[in-house]
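Observations on the three-dimensional arrangement
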Amino acid sequence: MYAAPFEYHLPTTVAEALGLLEKFGDEAKLLSGSQSLVPLMKLRLATPGHVVDLRKVPGLSGVTESGGTVVIGAMTTHYEVGSSPLVRTKLPMMAEAAGQIGDTQVRNLGTIGGSLAHADPSADWPAVLAALDASVRIASSRGERNVKVEELIVGPLTTVLAPGEILLQVRVPLPAGRYGGAYEKLPHPASRFAIVGAAAEVFLDPGGKVSNSRIALTGIASKVTRAGYVEQALLGKAPDPAAIKSAAARAAQGIEVRADLTGSAEYKANLAAVYTERAVKRAVSRALER
Amino acid sequence: METMFGKSIKRREDPRLVTGKGNFVDDLKIPFTTHAAFVRSPHAHAKIGKIDTAAARKVPGVLAIYTGKDLVAGGVKPIPVGWLLPNIKVPAHYPLAVDKARHMGEPVAVVVAETPYAARDAAELVEVDYDVLPAVPDGADALKRGAPPVHDDAPGNVSFKWSIGDAKATDAAFAKADKVVKQSFRNHRLIPNAIEPRACLASAQPGTGDITLWVTSQNPHVHRLIMAAFVLGIPEHKMRVISPDVGGGFGSKIFIYPEECAAVWASRQLSRPVKWTADRREAFLADAHGRDHHTEAEMALAADGKILGLRVKTVANLGAYLSLFAPAVPTYLYGTLLAGAYTTPAIHCEVTGVFTHTTPVDAYRGAGRPEATYLLERLMDLSAKELGMDPVDIRRKNFIPPDKFPYQTPVALLYDSGNYAGALDKALQIFDYKAFRREQEQARKQGRYLGVGFSTYLEACGLAPSQVAGALGAQAGLYESANVRVHPTGKVSVFTGSHSHGQGHETTFAQVVADELQVPIDDVDIIHGDTGQVPFGMGSYGSRSGPVGAAAIYMSTQKIKEKAKKIAAHLLEANEKDVTHEGGKFFVKGSPDRSKSFFDVSLMAYLAHNLPKGLEPGLEALSFFDPGNFVFPFGTHICVVEVERDTGYVHLRRYVAVDDLGRVINPMIVDGMVHGGIAQGVSQALWEHAEYDENGQLITGSMMNYALPKADELIPIELARTETPTPVNPLGVKGAGETGTIASTAAVANAVMDALSPFGIKHIDMPLTPGRIWEALKGKGA
Ligand SMILES: Cc1cc2nc3c(=O)[nH]c(=O)nc-3n(C[C@H](O)[C@H](O)[C@H](O)COP(=O)(O)OP(=O)(O)OC[C@H]3O[C@@H](n4cnc5c(N)ncnc54)[C@H](O)[C@@H]3O)c2cc1C
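Residues numbered from 1 in each chain as written. Chains lettered and ligands numbered in written order. Predicted model: local features only at pLDDT ≥ 70, side-chain atom pairs only at ≥ 80, totals over all residues. Heavy atoms only, no water.

1. Considerations on the overall build of chain B
Put simply, the test is: Helical segments are the DSSP runs of H or I of at least four residues, strand segments are the runs of E of at least two, and each set is numbered from the N terminus. When we talk radius of gyration, it's over C-alpha atoms, and the globule rule is simply 2.2 Å times the number of residues to the 0.38. A 1.4 Å probe rolled over the protein chains alone gives each residue an accessible area, and that area as a share of the maximum for its type sets the label: buried under 20%, exposed over 50%, partly exposed in between. Note on contacts: a residue pair qualifies if any of its non-hydrogen atoms lie within 4.5 Å across the two residues. Residue-level accessible areas treat just the shown protein chains as cover; the underlying method is Shrake-Rupley with a 1.4 Å probe.
Looking only at helices and strands, one finds 20 helices and 28 strands in chain B. Taken against the 2.2 N^0.38 rule, which gives 28 Å for 782 residues, the C-alpha radius of gyration of chain B at 27 Å falls within 12% of a compact globule. A principal-axis box enclosing the C-alpha atoms of chain B has dimensions of 90 × 75 × 50 Å. Counting every position in chain B, which comprises 782 residues, the buried fraction comes to 64%. Sequence separation of 24 or more characterises 80% of the internal contacts of chain B that already satisfy a separation of 6 or more. For chain B, the exposed area adds up to about 27,500 Å²; of that, 53% sits on carbon and sulfur atoms.

Laid out in structure tokens, this is it:
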């Protein structure tokens, strides 16, 4: 597999990288962990004239906490996210998801920012980060802006990122109160991407009823989608198994489910319900432990 | 000296292979090498119009671009077929498509350039005018009236109609049956995916007219013979084919492919070496695929479970062209296996080989035998269900008893030996069947669905004998060669016609030689894969390296021993009859203190200063072993699964395999082969699936959607063996390379159907993906 000719750039500051993007416009592609872009280039499905590698730009990776927000650099690898003590203790659902991405090699190279920018409709991070109400920080030569993960991704392999923009960080607000999160995934037997992935973050009130929940699904639609009917159905309920099951049954309601080689739309809607039920159950039991 | 036979010594080739010191075709560097890239048809079926190479030729570094027409004009002949059947249609298969492209990925032109990048860049710029035609990718559809024709000279898309067995006797058996169990089976298409993609490096020497081809081949002599004598018209003695380290094949590297023919031709045109290495995408599109049958099968039974007859009608999808051994796979390697381990008195099997607009199909690990075993073992379970019998009991009822060997089946094979109940007993002992049925019962009450599947398989392998194969249509012999050369210092080089591409010959073959010649194993080298060094041999496939290849080596060692003893007796001034060969020494029985070492004897063989009168100098022996029959491994595999009711997901819970492979040279290597085979067979049952859309586009053409088995999805496999040595070869060994694949697919499928039986589900076609199982379960209650 031999990629088409391209020019390779290795900037050492964000400003320099932005300058290169400005200069080459549509012709340029950022390179992060290379796990999605390089396969496309080898197949010549992507033929960027200029590749701007972010590897040497300092400050783009690592996990830190500041003012109730966990800040994860865009270039942080899946492995680094999953093994961060901060993530493991405060956001166990993220560690859980990180460990299920692809294989060891992919986790050691692929990055959280690259995954969001790539916006594969079966990727794991979008669901987990949507359930956690995360946003991303984006830089361009005109300044910086924050966008919610749910608004970042608009369709298969499409985001609101403009050609001159760089995703800098992922910002996850630390949940407060009695909360628990869980991620449940049925991996594709070939790629390990999610046939379905359900991320659930559940909050309980002092009486043990659901005071709020955020549930997001990947793999079943053209982009990450919130299971709004499930969230509604859970609200104010005691989360016993029967209540969870009947709420989760509505997981795919209102979602345009895609059929693919793994099964019919009906089957995938069923998977959404089953995996939502499993995720909510575990999220609740984590919340109850708090 | 320690006996090596039966010892699990570590693979001698592994330190080299696992530390990156292997020498694969793509690793070879020779000066002035050029690189080839192929322009491939994106369409399954299209007329080829004008091919415009003007833009491509302008890419810096491009040396030449050849099309199918160029090759034909240059005298290149079609790639032949190595196994012919009566009235078979063999349409011309040129290395580059000439008038029409007939499958997605078929090579249409080749670009040769100074670098692989330039070659690929230029290939992208070759403009081919395609007139796209309707395509038919499915074998059953290809037989329908009005289906798009693949070849003008194969009306109705039929390549051959073949049958075996006695139709009348089978009809009679069905007429008197108490029960007839019928099922249609789809044995879906697979893609081999050896870890090393195919590669070749062709180097023509303009000075001498010699040509060397390094190629990923399982049978370098066959490659040379066919390319030289049939495709390119090169005198055979001017061509040398070398297959250095080869990273797996599973059958896919037996065949002569268009790419290496084009590379040899281009090298002769340019007087430069030409190299090509497939990328994974090309491997998916252009390596011969496996399986792909539509089958209607029915079994006639007496009320007590005794099988009276079996009728099988199969449509075998052969792809767009006949690959080298394609006709043999769904016929002689399939229909002949339908007796399995059972006494079925009447069998009739009809096979229609059809052309479709897909990648050619040929032998893939097991080749025909997994297809036969799958339908037979599924029918055993379906029949047991119908008759209310236990799947174990129906098998016992029909096993050929151990005192009935040699046993003639109604489908041509003569089984030499076997003890099928013995293997089943041992497997049941390990498994504890009663306890499982109790656990299954309990689990069902909790809404958990466990199932057990049996496969009491039989395989025919060690492909031989030449005369029989010839009578059945093989265009080649099926013996194996060995030349054992003892050097003056007593070190030994073994030149074998077998080829190792993962099997561990450098270890197992050396174990046999070390024992026979009583030399340290480190003094023995195994050399294979080079027509310039090795006598004409047939290579490795059909689990033949042990039963045929190692047996040929054994023959040579006997000749060496005989001559060595003569020399030793002469040096000891003793009668040859009184000399023994023990502990690495020759001495007169009873007086081991006066001895000659293997070194002494070897040295004298070459010094020739003092040899028995009339004895030629040297110590070297050539043998060709052509066994009298196949060998017949057999065994019992038991698989336990749990199926999730709400998703259809199949969890593997337990896997027990008891195999009878005859005598085992290296148990660890054999365990590894069985493990790998089972992984592949499980994978067909649950995961792997080559799918074409209705236009003939391969939609599972990459590792992103074609699911190979992964270590973490498999479970520990519990292995055991029984040992019934075969009388067919002097070592008593049977083949071990394919049993796992042949046995396991049916065991898994039977287990899943057993798990689903509370829902009244009898059969689901493979692969048994969660989606398919869930659809079958929809609306059904336990
Ligand atoms: C075998 C395999 C299995 C996989 N399995 C899974 C799985 O199970 N689940 C899953 O979620 N993913 C999976 N992936 C995808 C993997 O997670 C990738 O790492 C991820 O999609 C892309 O991240 P990357 O860092 O490699 O990005 P790259 O490939 O380097 O880039 C991807 C895209 O993002 C853009 N980009 C990168 N960084 C930035 C930035 N800072 N700002 C703006 N744009 C940017 C690039 O221009 C490019 O378009 C798998 C990949 C492989 C190869």
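2. Section: the overall build of chain A
The condition is simple: Lys and Arg are tallied as positive, Asp and Glu as negative. Neither His nor the chain termini are counted. Just so you know, the charge point we use is NZ for Lys, CZ for Arg, CG for Asp and CD for Glu.
In terms of regular secondary structure, chain A is built from 12 helices and 14 strands. Computed over C-alpha atoms, the radius of gyration of chain A comes to 19 Å, within 12% of the 19 Å expected from 2.2 N^0.38 for 290 residues, which places it in the range of a compact globule. Judged by the C-alpha coordinates and their principal axes, chain A covers about 60 × 45 × 30 Å. For chain A, with 290 residues in total, the buried portion stands at 53%. In chain A, once contacts between residues fewer than 6 apart in sequence are set aside, the share between residues at least 24 apart is 64%. In chain A, 31 side chains carry a positive charge and 27 a negative one; their mean positions are 4 Å apart.

3. Digging into the pattern of salt bridges
The criterion, for reference: Whenever a carboxyl oxygen of Asp or Glu lies within 4 Å of a side-chain nitrogen of Lys or Arg, that contact is scored as a salt bridge.
Applying the stated criterion to the full structure yields 65 salt bridges over all chains. We note a salt bridge from Asp53(A) to Arg55(A), for which the minimum N-O separation is 3.1 Å. Of the residues examined, Arg55(A) reaches a relative accessible area of 51% and is grouped as exposed. Here Lys397(B) ties to Asp304(B) by a salt bridge, and the two come within 3.6 Å at their closest N and O atoms.

4. Quick notes on the domain arrangement of chain B
All names here are of chain B. What counts is decided by this rule: Per the annotation, domain bounds derive from an automatic or database assignment of domains. What counts as buried area is the accessible surface, traced by a 1.4 Å probe, that two parts surrender upon association, with contributions from both included. Whenever two N or O atoms come within 3.5 Å, that pair is a polar contact, provided that in protein one can donate a hydrogen and the other can accept it, and provided that, for residues adjacent in sequence, both atoms are side-chain atoms. Amino acid classes used here: Ala, Val, Leu, Ile, Met, Phe, Trp, Tyr, Cys and Pro are nonpolar; Asp, Glu, Lys and Arg are charged; the rest, including Gly, are polar.
Taken domain by domain, chain B consists of domain 1 (14–133 + 195–248 + 253–286), domain 2 (366–461 + 629–777) and domain 3 (479–625). Using C-alpha coordinates to define each centre, domain 2 is positioned 40 Å away from domain 3. Taken residue by residue, the interface counts 18 residues in domain 2 and 14 residues in domain 3. It is Ile665, Pro730 and Leu731 that lose the most area in domain 2 upon contact with domain 3, and together they represent 42% of the buried surface on that side. Where domain 2 meets domain 3, there are zero salt bridges. There are four residue pairs in polar contact (both at pLDDT 80 or more) connecting domain 2 and domain 3. Here the residues of the side of domain 2 that touches domain 3 are counted per class, giving 10 nonpolar, four polar and four charged.

5. Observations regarding the packing of aromatic side chains
For clarity, the cut-off: Pairing of aromatic rings covers Phe, Tyr and Trp, the last through its six-membered ring, and needs centres within 6.5 Å; plane angles under 30 degrees mean stacked, over 60 mean edge-to-face, and all others mean tilted. The rule for a charge over a ring is simple: NZ of Lys or CZ of Arg within 6 Å of the ring centre, and within 35 degrees of the ring normal.
In this structure the tally under the stated criterion is 23 aromatic pairs over all chains. Between Tyr342(B) and Phe399(B), the aromatic rings sit 5.9 Å apart at their centres with planes inclined by 5°, giving stacked as the arrangement. You can see Tyr342(B) sitting in the loop between β14 (307–317) and β15 (346–354) and its partner Phe399(B) sitting in the loop between α11 (391–398) and β16 (407–408), a full 57 residues away along the chain. Of the two residues, Tyr342(B) and Phe399(B), neither departs from the other in class, the shared state being buried. Centre to centre, the rings of Phe431(B) and Tyr433(B) are 6.3 Å apart; their planes meet at 35°, and the pair counts as tilted. For the pair shown, Phe431(B) and Tyr433(B) are each scored as buried. Here the aromatic residues Tyr342(B), Phe399(B), Phe405(B), Tyr420(B) and Phe634(B) are joined through ring pairs into a cluster of three or more. Its guanidinium or amino end placed over the ring of Tyr179(A), Arg290(A) lies 4.1 Å from that ring's centre, counting from NZ or CZ.

6. Points about the site of the ligand
Residue and element names in this part refer to chain A. We count it as follows: Residues are labelled near a given molecule or strand when at least one of their non-hydrogen atoms is within 4 Å of it.
Contacts to the ligand come from 30 residues, most closely from Leu30, Leu37, Thr111, Asp124 and Arg192. Note that an oxygen atom of the ligand is positioned 3.1 Å from one of the side-chain N or O atoms of Lys185. When isolated, the ligand has an accessible area of 960 Å², and the protein chains bury 92% of it. When residues of the shell around the ligand are traced back to their parent elements, those giving at least two are β2 (28–31), α7 (112–118) and β10 (166–173). Top contributing element to the shell around the ligand by residue count: α7, with four residues. Among the residues forming the shell around the ligand, the class breakdown is 12 nonpolar, 14 polar and four charged.

7. Digging into the interface of chain B and chain A
Residue-level contacts link 30 residues of chain B with 24 residues of chain A. The interface formed by chain B and chain A contains six salt bridges. Linking Arg192(A) and Glu713(B) is a salt bridge whose minimum nitrogen-to-oxygen distance equals 3.6 Å. Linking chain B with chain A are 11 residue pairs in polar contact (both at pLDDT 80 or more). Sorting the residues of the side of chain B that touches chain A by element identifies α4 (116–125), α9 (280–286) and α20 (770–777) of chain B as the ones contributing at least two each. Looking at the side of chain B that touches chain A, its residues break down into 12 nonpolar, four polar and 14 charged.

8. Some remarks on α11(B)
All names here are of chain B. Heads up, the condition is: Note that the arc is defined by the directions from the helix axis to the C-beta atoms.
Pro391, Val392, Ile394, Arg395 and Asn398 are the residues of α11 that are buried. Buried residues of α11, viewed axially, fall in a sector of 165°; they line one side. Looking at where α11 begins, the residue whose side-chain oxygen comes 2.8 Å from the main-chain nitrogen of Val392 is Asp390.

9. With respect to the sheet that holds strand β4 (residues 63–66) of chain A
Residue and element names in this part refer to chain A. Filter applied, for reference: Being paired, for any two strands, means DSSP has found at least two bridges between them. What counts as an axis is a line fitted to C-alpha atoms, over the stretch in contact for a helix, and the angles between N-to-C directions run from 0 to 180 degrees.
Taken together, the five strands give an open sheet; going across it, the order is β4-β5-β10-β6-β7, and neighbouring strands pair in antiparallel fashion. With one partner strand each, in any of the chains shown, β4 and β7 (143–148) form the two edges of the open sheet. Geometrically, the sheet is characterised by an average inter-axis angle of 25° between neighbouring strands, direction not taken into account. Strands β6 (135–140) and β10 of the sheet are contacted by helix α1 (residues 14–24), whose axis makes an angle of about 125° with β10.

10. A word on the packing of helix α10 (residues 369–387) of chain B against α11(B)
All names here are of chain B. Condition: Between 65 and 115 degrees an angle is taken as roughly perpendicular, under 35 as roughly parallel, over 145 as roughly antiparallel, and anywhere else as oblique. Each helix crossing is assigned a hand: it is left-handed if the near helix lies turned anticlockwise from the far helix by less than a right angle, otherwise right-handed if that turn is clockwise.
One way to put it is that α10 packs onto α11 with a least axis distance of 9 Å and a crossing angle of 110°. On the basis of the axis angle, α10 is roughly perpendicular to α11. Crossing angle aside, the handedness with which α10 passes α11 is right-handed. Packed against α10, whose contacting residues are Glu377, Met380, Asp381, Ser383, Ala384 and Leu387, the element α11 presents Pro391, Ile394, Arg395 and Asn398 at the interface. Taken together, the residues that form the contact of α10 with α11 break down as five nonpolar, two polar and three charged.

11. So, the packing of helix α11 (residues 241–248) of chain A against helix α12 (residues 265–289) of chain A
Residue and element names in this part refer to chain A. One can describe the packing of α11 onto α12 by two numbers: an axis separation of 8 Å at closest approach and a directional angle of 140°. By crossing handedness, the relation of α11 to α12 is classed as right-handed. Each of Pro241, Ile244, Lys245 and Ala248 in α11 lies in contact with α12, whose residues at this interface are Ala273, Thr276, Glu277, Val280, Lys281 and Val284. Partitioned by chemical class, the residues of the contact of α11 with α12 number six nonpolar, one polar and three charged.

12. A word on the sheet that holds β14(B)
Residue and element names in this part refer to chain B. One open sheet accounts for five strands, arranged β7-β15-β14-β13-β8; its pairing is mixed. At either end of the open sheet lies a strand with only one pairing partner, and these are β7 (158–165) and β8 (179–190). For this sheet the average axis-to-axis angle between neighbouring strands, irrespective of direction, equals 10°. One ladder, built from nine bridges, connects β14 with β15; its direction is parallel. From the neighbouring strand, Asn317 faces β15, where its bridge partner is Val354. Along the sheet, helix α6 (residues 167–175) contacts β7, β8, β13 (290–301), β14 and β15; its crossing angle with β14, the most-contacted strand, is approximately 125°.

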